[in-house]
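One letter stands for each residue in the lines below.
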Amino acid sequence: QEQLVESGGGSVQPGGSLRLFCAASGIIVGFFAVGWYRQAPGKQRELVAGNTSRGSTNYADSVKGRFTISRDNAKNTVYLQMSSLKPEDTAVYYCNADALTGSYWGQGTQVTVSS
């Protein structure tokens, strides 16, 4: 069964860092474009960072220079390193894997940035 499971979320003070993990099973992430999305209360889900199967990356303007998406195909895992976190980064973060064969989502992990 295809499944993405996020972890690594939590509460952090402004300026802090977190690393999110997305462990895949039932699919081979190396064949997928992967991305991290977030959804804050009352707002639409938005793309934070994306990484194609060929290694190209893209970031939302609001996180450029602070967030880094990466993947370890051997571990079938996608990461999001978040630094210099701001209160406006507070949201539920979702992992996505997308290909012609299908699109998969994780259940989300909460990130809260507050003093």
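Residues numbered from 1 in each chain as written. Predicted model: local features only at pLDDT ≥ 70, side-chain atom pairs only at ≥ 80, totals over all residues. Heavy atoms only, no water.

> Lay out the sheet that holds strand β8 (residues 77-82) in plain terms, naming residues and giving numbers.
Strand order in the open sheet formed by 4 strands is β1-β3-β8-β7, and the pairing between neighbours is antiparallel. Each edge of the open sheet carries a strand with a single partner, namely β1 (3-7) and β7 (67-72). The sheet shows a mean angle of 15 degrees between the axes of neighbouring strands, taken without regard to direction. Two elements, β7 and β8, share 6 bridges in a ladder whose sense is antiparallel. Bridged to T68 within β8 is Q81. (Pairing = 2+ DSSP bridges. Helix = DSSP H or I, 4+ residues; strand = E, 2+ residues; numbered from the N terminus. Axes fitted to C-alpha atoms, helices over the stretch in contact; angles between N-to-C directions.)

> Any chance you could break down unusual backbone geometry for me, citing the residues and the numbers?
It is generally the case that most residues other than glycine have a negative phi and that most peptide bonds are trans. At N76, a residue that is not glycine, the phi angle is positive and equals roughly 55 degrees. When you line up the elements, N76 lands in the loop between β7 and β8. The buried category is assigned to N76, whose relative accessible area is 16%. Here S84, not a glycine, exhibits a phi torsion of approximately 50 degrees, which is positive. (Buried < 20%, exposed > 50% of the residue type's maximum accessible area, 1.4 Å probe, protein only.)

> Quick rundown of the environment of A60? Include the residues and the values.
Mapped onto the elements of the fold, A60 is located in the loop between β6 (57-59) and β7. Judged by relative accessible area, which is 17%, A60 ranks as buried. Spatially, the C-alpha atoms of A60 and Y94 are 15 Å apart, while their sequence positions differ by 34 residues. Not counting residues up to four positions away in its chain, the partners in contact with A60 are L47 and V48. (Contact = heavy atoms within 4.5 Å.)

> Please provide a residue-by-residue account of the pattern of salt bridges, values included.
Under the definition given, this model contains 4 salt bridges. Across the salt bridge formed by D89 and R38, the nearest N and O atoms sit 2.9 Å from each other. Of the two residues, D89 sits in the loop between β8 and β9 (91-99) while R38 sits in strand β4 (residues 33-39), which places them 51 residues apart along the sequence. Each of the two residues, D89 as well as R38, counts as buried. Through salt bridges with shared partners, a single ionic network connects R38, E46, R66 and D89. (Salt bridge = Lys/Arg side-chain N within 4 Å of Asp/Glu carboxyl O.)

> So what's going on with the packing of aromatic side chains? Which residues, and what values?
With the rule as written, the count across this model stands at 3 aromatic pairs. Above the ring of Y79, the side-chain terminus of R19 is found at 4.3 Å from the ring centroid. R45 extends its terminal NZ or CZ atom over the ring of W105, reaching a point 4.7 Å from the ring centre. (Phe/Tyr/Trp six-rings, centres within 6.5 Å; stacked < 30°, edge-to-face > 60°. Lys NZ or Arg CZ within 6 Å of the ring centre and 35° of its normal.)

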